[in-house]
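Results of the structural survey
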Amino acid sequence: MPNHRRQVTYSSHPTRAARAAHARGDREFRTYDTSYIRPKKSKAPMVVAVVLALAVVAVVAVLVLRGCTAEAVELLPEGEQATVVVEQGEGAREIGESLAEARLVASAQDFVDAVNKKNAASALIPGTYTFTGGASLDDILGTLQSGPAFAGSLSVPEGLKLSDIATRVEQATNGGVTAADFTQAASDASVYAADSAFLASAGTNSLEGFLFPKTYEVPANATADSIVRMMLDQFQTETAGLDWSYPASLGLSTYDALNLASIVEKESTGEEAIRAQVAAVFYNRLTTEGDPSYGFLQSDATTAYEVGHDPTADEVHADTPYSTYTNKGLPPTPICSPGLACLQAVCSPSADSLGVHYFFYFDAEGNYSFSATYDEHMSSFS
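Along each chain, residues carry numbers from 1 onward, in the same order as the chain's sequence is written. The predicted nature of this model means local features are confined to residues of pLDDT at least 70 and side-chain atom pairs, given and counted, to a pLDDT of 80 or more, with totals for whole chains, interfaces and linings taken over all residues. Excluding hydrogens and water, the side-chain values take into account all heavy atoms of the structure.

Before going further, it helps to spend a moment on the overall build of the protein chain. Broken down by element type, the protein chain carries 15 helices and six strands. When burial is assessed residue by residue, the protein chain has 37% of its 382 residues classed as buried. Residue pairs at least 24 apart in sequence account for 61% of intrachain contacts in the protein chain once pairs closer than 6 positions are excluded. Note on areas: Shrake-Rupley, 1.4 Å probe, and residue coverage restricted to the protein chains presented here. Carbon and sulfur atoms form 53% of the exposed surface of the protein chain, whose accessible area is close to 21,700 Å². Helical segments are the DSSP runs of H or I of at least four residues, strand segments are the runs of E of at least two, and each set is numbered from the N terminus. Type-normalised accessible area, obtained with a 1.4 Å probe on protein chains alone, sets the label of each residue: buried when under 20%, exposed when over 50%, and partly exposed for intermediate values. In what follows, a contact means two residues having at least one pair of non-hydrogen atoms within 4.5 Å.

This is the structure in structure tokens:
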């Protein structure tokens, strides 16, 4: 049977009049206002568009602000140097902050962005770096990935004085930093006091005593100033856990305590108990106005510092600034760089010797004897 499409009409047998009526109804329906029954359109797309627009404006504002801030930062002038210490475990953000503080980069974020761009976060090597103003961000990042370059090792054992340390600095840097340059850089503690609070009581004295004994790796581009700062940073690190309350209770400043520790360094062995006893003896002598010490330390080591050799009897009794036989109290400055053990001994002297022992003697084998009276002391020689 043929498949004819059937036309559906309003009547099986429409008349002309019916068709006309239906046509009029259709036209009226099409022109009828149906807005009140139509579903309302959602405002969500418009809200999303507004939020996105505001976000774009905010991002642009941040970028513009960052650009303005970067332009306002005054970077380290070309030729000037800055030392940056990268500690073990520091990430790009912490390193970037150190670089920004040294005015080597405009912002920490600039450094972080450069690290992320090169995927170098795990390749940054801890160490002490000296950068020169004008270095590009890529150069700085490359140096941090290569690691610090070292001129050599600087070995500073306990008990060295500033002049001896200066000679070792010149040797470690192959003359790049002369002994004279280092001595000059370390000649006035007040220059570094703003960055090292422990120097406050040192005044304008030299850094004698504060150049902490240790073996250092000296960067190839190190300066006298950067080496001094490296040693002062080490002093801060090593002494951070010390309790200075005992010397402070006697009216001694940190500088005075360091001064006393330098004498203990020269007058005692490496045994902790011996150092604590020697410290106690010097405290007893220092704080006793009458018999038996009358406030005199009577240390040959202070005169040895002054004359540069083992002193004679006449030299220790001479009326000179560093003679603790003719001058009461401490010498004008420390006489060497004491190690941590002697600093600890001065902070915590032997309780068994405080107020008891005023004399000590040690023989060629390093055996010590401590005495309460001069007669007992003299018997130690027999």
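That covers the picture; the talk isn't over yet.
The relative placement of two aromatic rings is captured by the distance of their centres and the angle of their planes. Ring pairs shown here join Phe, Tyr and Trp side chains whose ring centres sit within 6.5 Å, with only the six-membered ring taken for Trp; geometry is labelled stacked below 30 degrees between planes, edge-to-face above 60, and tilted in between. Tallied over the full model, the rule gives 14 aromatic pairs. Measuring from centroid to centroid gives 4.7 Å for Phe198 and Phe235, while their planes differ by 40°, and the two rings are tilted. Of this pair, Phe198 sits in the loop between helix H7 (179–185) and strand S4 (215–219) while Phe235 sits in helix H8 (residues 224–239), and the two are 37 residues apart along the sequence. Assigned by exposure class, Phe198 and Phe235 land together as buried.

Further remarks concern the packing of helix H3 (residues 92–101) against helix H4 (residues 108–117). Lines fitted to the C-alpha atoms define the axes, with helices restricted to the stretch that makes contact. Angles between their N-to-C directions range from 0 to 180 degrees. Interhelical geometry of H3 versus H4 gives an angle of 135° and a closest axis separation of 7 Å. Comparing their axes, H4 and H3 come out oblique. As for the relative orientation of H3 and H4, their crossing is right-handed in sense. Listed contacts from H4 to Ala92, Arg93, Ile95, Gly96, Glu97, Leu99 and Ala100 of H3 are Ala108, Gln109, Phe111, Val112 and Val115. Our angle categories are set so that under 35 degrees counts as roughly parallel, over 145 as roughly antiparallel, 65 to 115 as roughly perpendicular, and the remainder as oblique. Crossing handedness follows the turn of the near helix against the far one: under a right angle anticlockwise gives a left-handed crossing, and clockwise gives a right-handed one.

To continue, consider the pattern of salt bridges. Two side chains carrying opposite charge are able to pair once their charged atoms lie near each other. Here, a salt bridge means any side-chain nitrogen of Lys or Arg that lies within 4 Å of a carboxyl oxygen of Asp or Glu. Across all of its chains, the model carries four salt bridges by this definition. Glu265 is the salt-bridge partner of Arg275, the closest N and O atoms lying 3.6 Å from each other. Of the two residues, Arg275 sits in helix H11 (residues 272–287) while Glu265 sits in helix H10 (residues 254–267), which places them 10 residues apart along the sequence. Taking relative accessible area as the criterion, Arg275 reaches 9% and is therefore assigned buried. A relative accessible area of 11% means that Glu265 is categorised as buried. Ionic contacts of the salt-bridge type, sharing partners, join the residues Asp195, Asp225 and Arg229 into one network.

The next point concerns the confidence of the model for the protein chain. Confidence in the prediction of the protein chain, expressed as mean pLDDT, is 86, and 81% of residues score 70 or more. Along the chain, pLDDT gives the predictor's confidence residue by residue, from 0 to 100. This stretch, residues 1–23, has a pLDDT under 50; its non-local contacts, to residues over four places away or in other chains, come to three contacts. Within the model, pLDDT remains below 50 along residues 28–32, and this stretch shows zero contacts once partners closer than five positions in the same chain are excluded.

Before going further, it helps to spend a moment on the environment of Ser323. The topology assignment puts Ser323 in the loop between helix H13 (313–316) and helix H14 (340–347). Along the sequence, Ser323 and Thr303 sit 20 residues apart, while their C-alpha atoms lie 5.3 Å from each other. Here Ser323 is in contact with Thr303, Glu306, Val316, His317 and Ala318, once residues within four sequence places are set aside. For the purposes of these results, a polar contact is taken to be a pair of N or O atoms within 3.5 Å, where, inside protein, one atom must be able to donate a hydrogen and its partner to accept one; residues adjacent in sequence count only when each atom of the pair is a side-chain atom. Polar contacts involving the side chain of Ser323 include one to the side chain of Thr326, which spans 3.1 Å.

Regarding helix H5 (residues 137–146), the residues found buried are Ile140, Leu141 and Leu144. What you see down the axis of H5 is that its buried residues fit within an arc of 95°, all on one side. At its buried positions, H5 is contacted by strand S1 (81–86), H3, H4 and strand S2 (127–132). Throughout, the arc means that of the directions going from the helix axis to the C-beta atoms.

Right, let's talk about H3 for a bit. Listed in full, the buried residues belonging to H3 are Ala92, Ile95, Gly96 and Leu99. The buried residues of H3 all sit within an arc of 100° when viewed along its axis, so they share a single face. Where H3 is buried, its residues contact S1, H4, S2 and H5. Looking one or two residues beyond H3, the residue adopting positive phi is Arg103, at roughly 65°.

This part takes up the nonpolar core. Soluble globular proteins tend to pack their nonpolar side chains together in the buried interior. Among the buried residues, those of types Ala, Val, Leu, Ile, Met, Phe, Trp, Tyr and Cys that are joined through side-chain atoms within 4.5 Å form a nonpolar core. Ranked by size, the top nonpolar core spans 62 residues in total, and within it Leu154, Phe182, Leu207, Phe210, Ile227 and Met231 carry the most contacts. What Met231 contacts, discounting residues up to four positions off in sequence, is Leu154, Val156, Ile165, Phe182, Phe210, Leu211, Phe212 and Tyr216. Core analysis: the next-biggest nonpolar cluster, separate from the first, contains 21 residues, Phe131, Ile140, Leu141 and Leu144 among them.

Position of Val346 among the secondary structure elements: in helix H14. Taking the C-alpha atoms as reference, Val346 lies 6.7 Å from Ala257; in sequence the two are 89 residues apart.

Right, let's talk about unusual backbone geometry for a bit. If a residue is not glycine, its phi is most likely negative; likewise, a peptide bond is most likely trans. Residue Pro292 is bonded to the preceding Asp291 through a cis peptide linkage, with omega at 5°. Mapped onto the elements, Pro292 comes out in the loop between H11 and helix H12 (300–307). In the Ramachandran plot, Asn174 falls in the positive-phi region, its phi being about 55° despite a non-glycine side chain. Tracing the backbone through its elements, the reader meets Asn174 in the loop between helix H6 (162–172) and H7. Relative accessible area serves as the criterion here: at 68%, Asn174 is assigned to the exposed category. Not every positive phi belongs to a glycine, and Tyr294 is a case in point at roughly 55°.

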